[in-house]
Amino acid sequence: MSTDAPLLRLEGVNKRFGGLVVLNDVSFAVAPGEIVGLVGPNGSGKTTTINVISGVYRADSGRITFDGQPVHHVPMHRLAHLGINRTFQVPRTFRDMTVRENVEVAAHFGRPQAAVDIDAVLRDIDLHDQAGKLAGSLTVNQQKLLDLGRALATGPKLLLVDEIGAGLNPAELGGIADLLKRLAARGIALVVVEHLLDFLGRLTDRVIVLGAGRMLFQGSLAAASRDPEVVAAFIGG
Ligand SMILES: Nc1ncnc2c1ncn2[C@@H]1O[C@H](COP(=O)(O)OP(=O)(O)O)[C@@H](O)[C@H]1O
Ligand SMILES: [Mg+2]
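(A) Examining the overall build of the protein more closely. Across its full length, the protein holds 9 helices and 10 strands. Relative to the globule expectation of 18 Å for 237 residues, the C-alpha radius of gyration of the protein, 17 Å, shows essentially globular dimensions. Along the three orthogonal principal directions, the C-alpha set of the protein runs to about 50 × 40 × 40 Å.

(B) Representation of helix α6 (residues 170-185). With 16 residues, α6 should cover 22 Å at 1.5 Å per step; its first-to-last C-alpha distance of 22 Å lies within 8% of that length. Residues Ile176, Ala177, Leu180 and Leu183 constitute the buried set of α6. The arc that holds the buried residues of α6, viewed along the axis, is 125 degrees, so those residues lie on one side. Turned more than 90 degrees from where α6 packs its buried face, Pro170, Ala171, Asp178, Arg182 and Ala185 sit exposed. Those residues of α6 that are buried are in contact with β7 (158-162), β8 (189-193) and α7 (197-203).

(C) Up close: the domain arrangement of the protein. Assigned domains of the protein: these are domain 1 (1-83 + 157-163 + 189-237) and domain 2 (84-154). Between the C-alpha centres of domain 1 and domain 2 there is a distance of 24 Å. Counting residues at the interface gives 17 residues for domain 1, matched by 12 residues for domain 2. Mapped by element, the contributors of at least two residues to the side of domain 1 that touches domain 2 are α1 (46-53), α2 (76-82) and β7.

(D) Summary view of the sheet that holds strand β5 (residues 69-70). Read from one edge of the open sheet, 4 strands run β2-β1-β4-β5, paired in antiparallel fashion. Edge positions in the sheet fall to β2 (20-30) and β5, since each has one partner strand and no second. In this sheet, β2 lies alongside strand β1 (residues 8-17) in antiparallel orientation, the contact comprising 7 bridges. Along β2, the bridge assignment pairs Phe17 with Leu20. Set on the sheet, α1 makes contact with β1, β2 and β4 (61-66); between it and β2 the angle comes to about 65 degrees.

(E) Representation of the packing of helix α3 (residues 99-107) against helix α5 (residues 140-152) in the model. Interaxial distance between α3 and α5 falls to 7 Å at its minimum, and their mutual angle equals 30 degrees. The pairing of α3 with α5 is recorded here as roughly parallel in orientation. As α3 packs across α5, the resulting crossing turns out to be right-handed. On the side of α3, the interface is formed by Val99, Asn102, Val103 and Ala106, while α5 contributes Leu146, Gly149 and Arg150.

(F) Representation of the nonpolar core in the model. Counting residues in each nonpolar core, the largest one holds 64 residues, and the members touching the most others are Leu158, Leu159, Val161, Leu190, Val191, Val192 and Val209. If near-sequence neighbours (up to four positions away) are discounted, Leu159 is found in contact with Asn85, Arg86, Ala151, Leu183, Ile188 and Leu190.

(G) Here's a closer look at the pairing of strand β10 (residues 214-220). When strand β9 (residues 206-211) meets β10, the two strands line up antiparallel, connected through 6 bridges. Looking at β10, one finds that Ile208 is bridged to Gln218.

(H) Representation of the site of ligand 1 within the structure. In the region of ligand 1, the neighbouring residues are Phe17, Val22, Gly40, Asn42, Gly43, Ser44, Gly45, Lys46, Thr47 and Thr48. When residues in the shell around ligand 1 are grouped by element, the largest group, 3 residues, is from α1. Per-class residue counts for the shell around ligand 1 are 2 nonpolar, 7 polar and 1 charged.

(I) Expanded view of the sheet that holds strand β3 (residues 35-39). Judged by pairing direction, the sheet is mixed, and its 6 strands sit side by side in the order β6-β7-β8-β3-β9-β10 without closing on themselves. Of all strands in the sheet, those with a lone pairing partner are β6 (84-86) and β10, marking the two edges. Taking each pair of neighbouring strands and ignoring which way they run, the sheet shows an average axis angle of 20 degrees.

(J) Seen up close, α1. The buried fraction of α1 amounts to 7 of the 8 residues, a majority that puts the element mostly inside the structure. Among the residues of α1, those classed as buried are Lys46, Thr48, Thr49, Ile50, Asn51, Val52 and Ile53. Once α1 finishes, Gly55 follows within two positions and takes phi at roughly 85 degrees, a positive value.

(K) Quick peek at unusual backbone geometry. In this model, Asp25 sits at a positive phi of 60 degrees, which is unusual for a non-glycine residue. Its place among the elements puts Asp25 in strand β2. Of the residues examined, Asp25 has 15 C-beta atoms within 10 Å and is grouped as partly exposed. Residue Ala115 is not a glycine yet carries a positive backbone phi of 45 degrees. When you line up the elements, Ala115 lands in the loop between α3 and α4 (118-124).

Calculation rules
Each residue is numbered by its place in its chain's sequence as written, counting from 1. In the order they appear in the text, chains get letters beginning with A and ligands get numbers beginning with 1. Totals for whole chains, interfaces and linings use all residues, but because this is a predicted model, local features are given only for residues with pLDDT of at least 70 and pairs of side-chain atoms are given and counted only at 80 or more. Put simply, DSSP H or I for four residues or longer makes a helix, DSSP E for two residues or longer makes a strand, and each gets a number counted from the N terminus. In this treatment the radius of gyration is a C-alpha quantity, and the globule benchmark scales as 2.2 Å times the residue count to the 0.38 power. An expected span of 1.5 Å times one less than the residue number is assigned to each helix. With C-beta atoms placed from the backbone, a residue is labelled by how many other C-beta atoms lie within 10 Å of its own: buried for 20 or more, exposed for 12 or fewer, partly exposed between the two. The arc in question is traced by the directions running from the helix axis to the C-beta atoms. By definition, residues are in contact whenever their C-beta atoms, placed on the basis of the backbone, come within 7 Å of each other. Each domain's limits were defined by an automated method or a database of domain assignments. In short, DSSP must find at least two bridges between two strands for them to pair. Here the axes come from fitting lines to C-alpha atoms, over the contacting stretch only for helices, and the angles between their N-to-C directions go from 0 to 180 degrees. Orientation labels follow simple angle bins: below 35 degrees gives roughly parallel, above 145 gives roughly antiparallel, 65 to 115 gives roughly perpendicular, and whatever is left gives oblique. The hand of a helix crossing depends on one turn: near helix anticlockwise from the far one by less than a right angle means left-handed, and clockwise means right-handed. Nonpolar cores are built from buried Ala, Val, Leu, Ile, Met, Phe, Trp, Tyr and Cys residues. These are joined into a set through C-beta atoms within 7 Å. A residue counts as near a molecule or strand when its C-beta atom, positioned from the backbone, falls within 6 Å of it. When residue character is reported, Ala, Val, Leu, Ile, Met, Phe, Trp, Tyr, Cys and Pro are called nonpolar, Asp, Glu, Lys and Arg charged, and the others, Gly included, polar.

If you want it as structure tokens, here you go:
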């Protein structure tokens, strides 16, 4: 709802690696419980946007506020305490630990007042029956769910999801789409980086399009696909 104070706000965020400008004046806001898609060609700065919001990298300039407070200088572990967490393009789980241990360890890094129920997280990610299995023995889909479960175990208010759909079959994609929608319905805001636009369209109609680190478009997915600058960026990229 537009009357809600935004949970997350980026204002004029810039990031360069050496001489390469990777984010150029990126500004957008996300409301509590809102799902926003972040799309763009390979190398357009989607993962870097997530890395800057989650504190993996610090923005060179610009402002990021979360829950009304400036967070662009807050280190990653403290951002998790405040309620920002993320998944990884390549899932980062501890392969030699069980599914349950993976979720338990992650819970220690989370929001102190969140009181997360580990069993509830395991049921959310549909791995309750596999809780005693080693993470390294899981399928790709289950690895992605476990990575998501580790983020959920921190009790996030904002979850940044990086290309979770890549490599999954239609049934698996359907399951993840349903789960992400349930999380948003509970009030968790989601920024979803995704190449699979059908999958993204099931989650939200609001997308931000990046091209070479610049915001090319913000609006509905249907309107994005008709925007000449967006079309040119995808064909060029
Ligand atoms: N740690 C880094 N050091 C140097 N260049 C990087 C680093 N991370 C990303 N980049 C560069 O930044 C650009 C954007 O990368 P990324 O955000 O991963 O794109 P996307 O996720 O949209 O594919 C790419 O040109 C990439 O090579
Ligand atoms: Mg990426």
